[in-house]
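Reading the structure
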Amino acid sequence: MSDKDHFVEIRHAQKSYGSLEVLKDISLNVERGQIVAIIGPSGSGKSTLLRAINDLDPLTGGEVWLDGVQVNKSLPHRQYEKHINEMRQQVGMVFQHFNLFPHMTARENVTMAPMLLKGLSKAEADKLAEEQLDKVGMLDRIDYYPSRLSGGQKQRVAIARALAMKPKLMLFDEATSALDPELVDEVNMVMKKLAEEHMTMIIVTHEMDFAASVCDRVLFMDQGVVVEEGPPSVVFKNPTKDRTREFLRKHL
Ligand code: ADP
Ligand code: MG
């Protein structure tokens, strides 16, 4: 198979900060509709890998491909800017800390990018915001400012905002880690719903139960390498590597 046959392909990803090698020759393929969990201790390179997918943390070596197009290709500056903006529009990201714009309502948070980047009219964008906020169960809060929303509600608006761009791929980086325990489920439910709709997702998470119930594959990373990967039933129940066993003993 050539590179283009995988929906997401990371080839020999390498990333260094000075003398610190954070990603060491990581290769990973994700097929359309697959849901992949990345687990591993803090500092193992999970966020760096996720951010490399849309070139927010450019790799020092290796290639990232999305749907047949190389994301991190070298181009003259202006061409690169145009290219990367097009690529980033296809990838939704949700981070640990809901980065909603505080001076905008839920509706405005969701409508901004589609209007600005896709040229939707106010009416079209409003309709889209209503659909997406309904999907995450936040339609009744559409005109609320973030300061009046709980952490779980903010995170659901952040998901709606990402979905409004109609991404091909969703990346979640510890989307529930900053939430009070009782708010985690409402966000996980939304991610489960996306899974049922066959959204392609890469999910960095500390929640092993959630990963086991939603993901097709689990990758265990440690110190910049993928130590072990496979279906959750294998990685969680019968890990083959000592490092995986040790990590799971502390987190399961
Ligand atoms: P994880 O998400 O698994 O906790 P990260 O990808 O955030 O890990 O970080 C991996 C390693 O890279 C850590 O040792 C971290 O300190 C280092 N690192 C991350 N970003 C930078 C940066 N901008 N400059 C220097 N080191 C960094
Ligand atoms: Mg991280």
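By the naming in an unreviewed UniProt entry, the chain is Polar amino acid ABC transporter ATP-binding protein, taken from Salibaculum griseiflavum. Taken directly from UniProt, the Subcellular location (unreviewed entry) text for the chain runs: "Cell membrane". Here the chain is described in UniProt, under the heading Sequence similarities (unreviewed entry), as follows: "Belongs to the ABC transporter superfamily."

**Notes on the site of ligand 1**
Around ligand 1 sit Tyr17, Leu20, Val22, Pro41, Ser42, Gly43, Ser44, Gly45, Lys46, Ser47 and Thr48, and that is every residue in its neighbourhood. One of the backbone nitrogen or oxygen atoms of Gly45 is found 3.0 Å away from an oxygen atom of ligand 1. Residue Lys46 places a side-chain N or O atom 2.8 Å away from an oxygen atom belonging to ligand 1. Here ligand 1 has 560 Å² of accessible area as a free molecule, and 58% of this is covered by the chains. Listed by contribution, the elements that provide at least two residues to the shell around ligand 1 are β2 (20-30) and α1 (46-53). With three residues, α1 is the single largest residue contributor to the shell around ligand 1. A breakdown of the residues in the shell around ligand 1 according to their chemical character gives four nonpolar, six polar and one charged.

**Notes on the packing of helix α4 (residues 122-135) against helix α5 (residues 151-163)**
One can describe the packing of α4 onto α5 by two numbers: an axis separation of 9 Å at closest approach and a directional angle of 135°. In terms of their interaxial angle, α4 and α5 are classed as oblique. Like other packed secondary-structure pairs, α4 and α5 cross with a definite hand, here right-handed. Packed against α4, whose contacting residues are Gln132, Leu133 and Lys135, the element α5 presents Val157, Ala160 and Leu163 at the interface. When its residues are assigned to classes, the contact of α4 with α5 shows four nonpolar, one polar and one charged.

**Structural notes on the sheet that holds β2**
What the four strands build is an open sheet, ordered β2-β1-β4-β5; its pairing is antiparallel. Since the sheet does not close on itself, it has two edges, and those belong to β2 and β5 (69-70), each with one partner. The sheet contact formed by strand β1 (residues 8-17) and β2 spans seven bridges and is antiparallel. Pairing of Ser16 across the sheet is with Glu21, part of β2.

**Quick look at the environment of Asn72**
Tracing the backbone through its elements, the reader meets Asn72 in the loop between β5 and α2 (77-88). In sequence terms Asn72 and Tyr17 are 55 residues apart; their C-alpha atoms lie 18 Å from each other. Setting aside its immediate chain neighbours within four residues, Asn72 contacts Asp55, Leu59, Gly62, Glu63 and Val64. Of the polar contacts made by the side chain of Asn72, one reaches the backbone nitrogen of Val64; its length is 3.0 Å. At 3.1 Å, the side chain of Asn72 forms a polar contact with the side chain of Gln70.

**Some words on the UniProt feature "domain: ABC transporter" (unreviewed entry) in the chain**
The UniProt feature table records "domain: ABC transporter" (unreviewed entry) at residues 8-248. Strand forms 25% of residues 8-248 and helix 40%; the C-alpha atoms that close the span are 27 Å apart.

**Side note on the side chain of Thr205**
The residue Thr205 is located in the loop between β8 (200-204) and α7 (208-214) in this model. Classification of Thr205 as buried rests on a relative accessible area of 5%. Polar contacts involving the side chain of Thr205 include one to the main-chain amide nitrogen of Glu207, which spans 2.9 Å. Apart from residues no more than four positions distant in its own chain, Thr205 is found in contact with Ala37, Ile38, Ile39 and Ala211.

**Details of the packing of helix α3 (residues 106-118) against α4**
As a packed pair, α3 and α4 sit with axes 9 Å apart at the nearest point and diverge in direction by 125°. With respect to α4, the axis of α3 lies oblique. For the element pair α3 and α4, the recorded crossing hand is right-handed. Of the residues in α4, those touching α3 at Ala106, Arg107, Val110, Thr111, Pro114 and Met115 are Lys122, Ala125, Asp126, Leu128, Ala129, Glu130 and Leu133. Classifying every residue of the contact of α3 with α4 by side-chain character gives eight nonpolar, one polar and four charged.

**Structural notes on unusual backbone geometry**
Phi angles above zero are rare outside glycine, and Lys166 is one such case at about 55°. Along the chain, the position of Lys166 falls in the loop between α5 and β7 (169-173).

**A word on helix α9 (residues 242-251)**
Three or more residues of α9 are buried, namely Thr244, Phe247 and Leu248. For α9, the arc enclosing every buried residue in end-on projection is 95°, short of the 170-degree limit, so these residues lie on one face. Residues of α9 that are exposed and angled more than 90 degrees away from the buried face: Asp242, Arg249 and Lys250. Tucked inside the fold, the buried residues of α9 contact β3 (35-39), α7, β9 (217-222), β10 (225-230) and α8 (232-237).

Reading guide: rules and limits
- Residues numbered from 1 in each chain as written.
- Chains lettered and ligands numbered in written order.
- Predicted model: local features only at pLDDT ≥ 70, side-chain atom pairs only at ≥ 80, totals over all residues.
- Heavy atoms only, no water.
- UniProt positions renumbered as here; feature names shortened; annotations may be inferred.
- Near = heavy atom within 4 Å.
- Polar contact = N/O pair within 3.5 Å; in protein donor to acceptor, adjacent residues only side chain to side chain.
- Areas by Shrake-Rupley, 256 points an atom, 1.4 Å probe, with all protein chains shown as cover.
- Helix = DSSP H or I, 4+ residues; strand = E, 2+ residues; numbered from the N terminus.
- Nonpolar A, V, L, I, M, F, W, Y, C, P; charged D, E, K, R; others polar.
- Axes fitted to C-alpha atoms, helices over the stretch in contact; angles between N-to-C directions.
- Parallel < 35°, antiparallel > 145°, perpendicular 65-115°, else oblique.
- Left-handed = near helix turned anticlockwise from the far one by under 90°.
- Contact = heavy atoms within 4.5 Å.
- Pairing = 2+ DSSP bridges.
- Buried < 20%, exposed > 50% of the residue type's maximum accessible area, 1.4 Å probe, protein only.
- Arc of directions from axis to C-beta.

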